[in-house]
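The residues making up each chain are set out below.
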Amino acid sequence: MSKTLVIAEKPSVAQDIVRALTPVAGKFEKHDDHFESDTYVVSSAVGHLVEIQAPEEFDVKRGKWSFANLPVIPPYFDLKPVEKTKTRLNAVVKLAKRKDVTALINACDAGREGELIFRLIEQYAGGKKPLDKPVKRLWLQSMTPQAIRDGFDSLRSEKQMQGLADAARSRSEADWLVGINGTRALTAFNSREGGFFLTTVGRVQTPTLSVVVEREEQIRKFISRDFWEIHASFKVEAGSYPAKWFNPEHKKDAEDAEKKHDRVWSEAEAFAIADAVRHQLATVTEESKPTTKASPGLFDLTSLQREANGRFGFSAKTTLALAQSLYERHKALTYPRTDSRHLPEDYVPVVKQTFEMLADSGMKHLAPHALVGLNNNYVRKLPRVFDNKKVSDHFAIIPTLQAPSGLSDAEQKLYDMVVRRFLAVFFPSAEYMVTTRISTVKAAGKDQNFRTEGKVLVNAGWMAVYGKDAAQEATDNEEDGKTLVALKAGESAKNELADAKGLKTRPPARYSEATLLGAMEGAGKLVEDDEFREAMQEKGLGTPATRASIIEGLINEKYLLRDGREMLPTAKAFQLFTLLRGLGVEELSKPELTGGWEYKLSQMEQGQLSREAFMREIAEMTQHIVKKAKEFDRDTIPGDYATLKTPCPKCGGVVKENYRRYACVGQDGAVSESGDHGTGCGFSISKIPGGRTFDAAEVEQFLTDKKIGPLEGFRSKAGWPFTAEIALKYSEEDQNWKLEFDFGDDKNGDSGEIVEFGDAPSLGNCPKCGSPVHDHGSNYVCSKAVPTHAQATPSCDFKSGKIILQQPVAAEQMQKLLAEGKTDLLDKFVSMRTRRAFKAFLQWDAEAGKVNFAFEPRTSKYPPKGGKTPTTNALIKAAGKTAPAKTTKASKATKTKAEKPAKVAKEKAPRKVTAGYLPSADLAAVIGNEAVARTEVIKKLWDYIKANGLQDATNKRAINADAKLKPVFGKDQVTMFELAGIAGKHLRPVGE
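**Q** Explanation requested: the overall build of the chain in the structure shown.
**A** A tally of helices and strands in the chain yields 26 helices and 36 strands. Counting contacts in the chain only where the partners sit at least 6 residues apart, residues at least 24 apart contribute 66% of the total. As presented, the chain carries roughly 50700 Å² of accessible surface, and 49% of it is formed by carbon and sulfur atoms.

Have a look at this one:
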């Protein structure tokens, strides 16, 4: 019997389809990766299982960052599995190739990405020749069982979906072409003078970054202006009320948004008004009118991320992870990666059932509101909630019919936020009585008008769902005013107080993650072309599912920094936009690029534009970008560059920034006509040493201190990341200062010069001789390992580098090693041989008399012969020099495929390792009560300290105790160096 394979986008949708089809198609049998009946096989992807790549013969393996190999425009694209979902892909492909499967149904999400997910799986399953099985399209906008059955009764043909499929493929390939070629071309340009300076660009990430950079440029160029407001107080029989002066004849100034009706721009005029009205009588008029405020709409992912960031400080990435956990693990929320804030029109019964679940759930803070909604029949078909036209691939995020349990604190916060919004949207609007009172004083032959607004909440409506605080906040904020004292008919008021307050205009606020998400969502408003703007109206930059990863990508590429809740562009970001403007390829930074694509892809979906024509335009654009970068022949890129405050270390002249360097331009600060330096003493340093961009503040510090670091983010000529300090050293040969990398080997450590540590704090006692160990140059050294006045000849040789195999070793880690014999697990070591990152502890090896590597114990199905698990200790030389990680015979054996694993000797089975300490009740309140190793205790304590912001703002080495930590510390504050000792007092060995 032939069967039809149904491929959904997610396992949860596959289950919904099976439940809906069972009454009409018969019972389904559940297998590991699919469900099967007599007529259907139902399986699913887990998002994208396949991605595109250039065919091997057209891609460049070596020298891909060179202009010689650009542009890369393959005539077609190959496919490759997404590594982490390869197993799922193989399972779906195996089902598609079954001989009894004679037809396929694409049940992926109703949209462009859903179409692409299925089409790529189908193509991959066919291999070199098409799968050649007929395909139908299931198009669902509601997931109720009846809606699914109706969808199966009206399947769409492959021909009907061809336009959408073409648009999906074209978007994917165009992103690849622009991203790959743009990134390689700009990286090649920035690396022309040596080194490797990775410069990534993309259709979505670069316009997103431009939003933040342009805001920062506005802030930097902002010139604050003084203005005055006149605040007054008037008295009537019933009491006093505040008021603010305003000009009723004011008109908006299109060129100056700072000019507002309640601002005075002359100090003399402001004080003259205040003096004129003081203690004078005022005629008073007032008008009261009712007003209402509806609840905000349901959440889509972007609005959920914005609200969670504003309320709890969650990053977009964190919010998505929490929502995904509530959806997948707890089954408590509907699918979160949605851009819709509405529900399908047939979902009213499901909403009512959800209210009933919440009312019976036992969640005391939510259940009463659900019960009120049910008793008052609030759940009805509201057009602002139920609208099929505004439901795209998915509907809004709402609670499911399953009450959750075992939620983390963060999950509970997010769940409550979604549920309150869900309940509130069905409640009535909040009702206010708004009173506007105008107090007019005749002074010096002119009316001076003062406005007071009172706002009284008459009926809380939906605000009741949020409690008293929300309702109070709505009427108590300064702008909306409060309840006004009563005014009798015809009563005059006497001025009690009039004061002119001097204020300053403020620059626009920096973007937080919440406001940046909003800017990405509304990016279409910035597009001037009407058709392009219309095409972007529902799209914005990125999708709700990708916006968090775009922001995280910009942070990982060092284009953005998180500073509290603010997003700050780095020097690398400013340099990118200087380059794009200088090369004349600014289209990469503007949302018009996305707008144009969306418009043309929309035309393609409707059959009005061919895929070939669109891809031809993309190829031409790619060639244009590469050509501009390749042919640029000026010495520098024009831009708005900084002048440093720190003088030139060689001649004391002015140091200025240009595109590539910070250079001395002489005593008068002159710059040559080309925009390059050349009139100074010849001193200059690279702006991007090792592919990492200096910002102006770092250069100021570097020129002042002659050293900086250790800093992360450097890259070698081969593109490998590394960490190092940088020193500014004088070269007698060149008669100039030179920038040098310092990797912690301290070549000048044995110069014989006398060292004095004075009152410098010790990190602990030397494990060899017991003398104090200090931070000295590029190393941590024993005070008896260097010449001092007390001891001219060193008597100890303990020394350990501050950077080991690119891993910075913080002072607190060395303190921990000296106190406990071992650091925490450090994760940024990089092998000199393989260039791969690895994790290791640093520990004192008393037998060898050195600091060595120690690795986490590995659990293996096939331990080496004899049952003992060998450990590897790659030695670090006592002089602090870094050494390549050594490979033991055991580790080599694991890499040799031909060798078979040794058989396990039963009598010598590997010993089970258990955590050795139980925390006290006080410590357990912070880290949990399970048995732990000592190193885990410190890590968990630091996780708690950082998560709750307990490091002292003025002294990062100090930790402030909160209610949980105070019983552990025994005092209000401790230093980080005390932490290990304090924790030890709260631990007892298992079994005692």
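Okay, back to it.
**Q** Help me understand the packing of aromatic side chains, please; the structure alone is not making it clear to me.
**A** Aromatic ring pairs are described here by two measures, namely the spacing of the ring centres and the angle between the planes. Scanning the model with the defined rule gives 25 aromatic pairs in all. Ring centres 5.5 Å apart and planes at 75° place the aromatic pair Tyr327 and Tyr335 in the edge-to-face group. Judged by its relative accessible area of 14%, Tyr335 falls in the buried class. Between Trp462 and Tyr466, the ring centres sit 5.9 Å apart and the planes meet at 90°, which makes this aromatic pair edge-to-face.

**Q** Help me understand the sheet that holds strand 13 (residues 430–443) in this model?
**A** Backbone hydrogen bonds are what pair the strands of a sheet, in a parallel or an antiparallel way. What the six strands build is a closed barrel, ordered 10-11-14-13-12-15; its pairing is antiparallel. On average, adjacent strands in this sheet sit at an angle of 35° to one another, irrespective of strand direction. Across 13 bridges, strand 13 lies against strand 14 (residues 446–459) in antiparallel orientation. Note on strand 14: the bridge partner recorded for Thr436 is Glu453. Along the sheet, helix 7 (residues 267–277) contacts strand 10 (226–236), strand 11 (239–246), strand 13, strand 14 and strand 15 (493–504); its crossing angle with strand 15, the most-contacted strand, is approximately 165°.

**Q** Just checking my understanding: could you explain the pattern of salt bridges for this structure?
**A** Any two side chains of opposite charge can pair if their charged atoms end up close together. Under the defined criterion, the tally for this structure stands at 45 salt bridges. Two residues, Glu598 and Arg112, come together in a salt bridge whose shortest N-O distance is 3.0 Å. In this pair, Glu598 is assigned in helix 18 (residues 592–605) and Arg112 in helix 3 (residues 112–126), connecting sequence segments 486 residues apart. Overlapping salt bridges bring together Lys3, Glu36, Arg98 and Asp100 as one network.

**Q** Explanation requested: helix 7 in the structure shown.
**A** Taken residue by residue, helix 7 has Ala270, Ile273, Ala274 and Val277 as its buried positions. Angularly, the buried residues of helix 7 cover 95° about the axis, an arc narrow enough to put them on a single face. Considering only its buried residues, helix 7 is in contact with strand 10, strand 11, strand 13, strand 14 and strand 15. One or two residues past the end of helix 7 sits His279, with phi positive at roughly 65°.

**Q** I tried to follow the nonpolar core on my own but got confused; where do I start?
**A** Side chains of a nonpolar character, in soluble globular proteins, are inclined to be buried together. Counting residues in each nonpolar core, the largest one holds 83 residues, and the members touching the most others are Leu209 and Leu583. Looking at this core element by element, the count peaks at ten residues for helix 5 (residues 162–190). For Leu209, the residues in contact, after removing those within four places along its chain, are Leu554, Tyr559, Leu560, Ala573, Leu576 and Phe577. Counting residues in hydrophobic clusters, the runner-up holds 49 residues, among them Ala323, Leu326, Leu333 and Met363.

**Q** Help me understand helix 17 (residues 571–583), please; the structure alone is not making it clear to me.
**A** Count 3.6 residues to each turn of an α-helix, and residues three or four apart come out pointing the same way. When the terminal C-alpha atoms of helix 17 are compared, their 18 Å separation across 13 residues agrees well with the 18 Å that a helix rising 1.5 Å per residue should span. Burial runs high along helix 17: ten of the 13 residues are buried. Taken residue by residue, helix 17 has Lys572, Ala573, Phe574, Gln575, Leu576, Phe577, Thr578, Leu579, Leu580 and Leu583 as its buried positions. Where helix 17 is buried, its residues meet helix 5, helix 6 (205–221), strand 17 (566–569) and helix 19 (611–631). Phi for Gly584, located one or two positions after helix 17, is positive at around 75°.

**Q** In this structure, what is going on with the packing of helix 5 against helix 19? I would like to understand it.
**A** Angle between the axes and distance between the axes: these two values describe a pair of packed helices. Two numbers describe how helix 5 lies on helix 19: the axes approach to 9 Å, and their chain directions differ by 5°. Regarding the angle of helix 5 to helix 19, the classification is roughly parallel. Note on element contacts: helix 19 touches helix 5 through Arg611, Phe614, Met615, Ile618, Met621, Thr622, Ile625, Val626 and Ala629, opposite Asp166, Arg169, Ser170, Glu173, Ala174, Leu177, Val178, Asn181, Gly182, Ala185 and Phe189. The residue makeup of the contact of helix 5 with helix 19, split by class, is twelve nonpolar, four polar and four charged.

**Q** Mind showing me how you'd approach the pairing of strand 7 (residues 101–107) here?
**A** A regular strand places its side chains so that they alternate between the two faces of the sheet. Among the seven residues in strand 7, six count as buried, and that is most of the element. Sheet topology places strand 1 (residues 3–8) next to strand 7; six bridges connect them, and they run parallel. Pairing of Ala8 across the sheet is with Ala107, part of strand 7. Alignment of strand 7 against strand 8 (residues 135–137), held across three bridges, turns out to be parallel. By the bridge assignment for strand 8, Asn106 is matched with Arg137. With respect to chirality, the unit in which strand 7 leads through helix 3 into the neighbouring parallel strand 8 is right-handed.

**Q** I'm lost on the sheet that holds strand 20 (residues 684–686) in this one. Help?
**A** With antiparallel pairing, three strands are arranged side by side in an open sheet as 18-19-20. Two strands bound the open sheet, and with one partner strand each, they are strand 18 (655–657) and strand 20. Going from strand to strand, the sheet's axes swing by 15° on average, the running direction of each strand aside. Relative to strand 19 (residues 661–664), strand 18 is paired through three bridges, and the arrangement is antiparallel.

**Q** I keep staring at a negative patch on the surface and nothing clicks. Help me out?
**A** Residues Asp150, Asp153, Glu345 and Asp346 make up a contiguous surface patch of negative charge. When you line up the elements, Asp346 lands in the loop between helix 9 (316–328) and helix 10 (348–359). Take Asp346: its relative accessible area is 37%, and that puts it in the partly exposed class.

**Q** What exactly am I supposed to notice about the packing of helix 8 (residues 301–312) against helix 9 here?
**A** Here helix 8 crosses helix 9 at 115°, and the two axes come no closer than 9 Å. Classified by chirality, the crossing of helix 9 by helix 8 is right-handed. Residues Leu301, Leu304, Gln305 and Ala308 of helix 8 form the contact with helix 9, whose participating residues are Ala316, Thr319, Leu320 and Ala323. For the contact of helix 8 with helix 9, the residue count by class is six nonpolar, two polar and no charged.

**Q** Mind showing me how you'd approach the state of the cysteines here?
**A** Disulfide: a covalent bond connecting the sulfur atoms of a pair of cysteines. Tallying each qualifying case throughout the model produces zero disulfides. You can see Cys766 has no disulfide; the closest cysteine sulfur is in Cys796, sitting 3.7 Å from it. Its relative accessible area of 4% is what places Cys766 among the buried residues. Judged by relative accessible area, which is 11%, Cys796 ranks as buried.

**Q** In this structure, what is going on with unusual backbone geometry? I would like to understand it.
**A** Where the residue is not glycine, phi is negative for most of them; where a peptide bond is considered, it is trans in most cases. Between Leu70 and Pro71 the backbone carries a cis peptide bond, its omega angle lying at 0°. Secondary-structure assignment places Pro71 in the loop between strand 5 (50–53) and strand 6 (78–81). Positive phi, normally seen in glycine, also occurs at Asp132, with a value near 60°. Among the residues examined, Asp132 registers a relative accessible area of 71% and is labelled exposed.

Rules behind the numbers
- Residues numbered from 1 in each chain as written.
- Predicted model: local features only at pLDDT ≥ 70, side-chain atom pairs only at ≥ 80, totals over all residues.
- Heavy atoms only, no water.
- Helix = DSSP H or I, 4+ residues; strand = E, 2+ residues; numbered from the N terminus.
- Contact = heavy atoms within 4.5 Å.
- Areas by Shrake-Rupley, 256 points an atom, 1.4 Å probe, with all protein chains shown as cover.
- Phe/Tyr/Trp six-rings, centres within 6.5 Å; stacked < 30°, edge-to-face > 60°.
- Buried < 20%, exposed > 50% of the residue type's maximum accessible area, 1.4 Å probe, protein only.
- Pairing = 2+ DSSP bridges.
- Axes fitted to C-alpha atoms, helices over the stretch in contact; angles between N-to-C directions.
- Salt bridge = Lys/Arg side-chain N within 4 Å of Asp/Glu carboxyl O.
- Arc of directions from axis to C-beta.
- Core = buried A, V, L, I, M, F, W, Y, C linked by side-chain atoms within 4.5 Å.
- Expected span 1.5 Å × (residues − 1).
- Parallel < 35°, antiparallel > 145°, perpendicular 65-115°, else oblique.
- Nonpolar A, V, L, I, M, F, W, Y, C, P; charged D, E, K, R; others polar.
- Right-handed = clockwise from strand over helix to strand, strands pointing away.
- Patch = residues over 30% accessible without salt bridge, like charges linked within 9 Å, V, L, I, M, F, W, Y side chains within 5 Å.
- Lys, Arg positive; Asp, Glu negative; His and termini not counted.
- Charge placed at Lys NZ, Arg CZ, Asp CG, Glu CD.
- Left-handed = near helix turned anticlockwise from the far one by under 90°.
- Disulfide = S-S within 2.5 Å.

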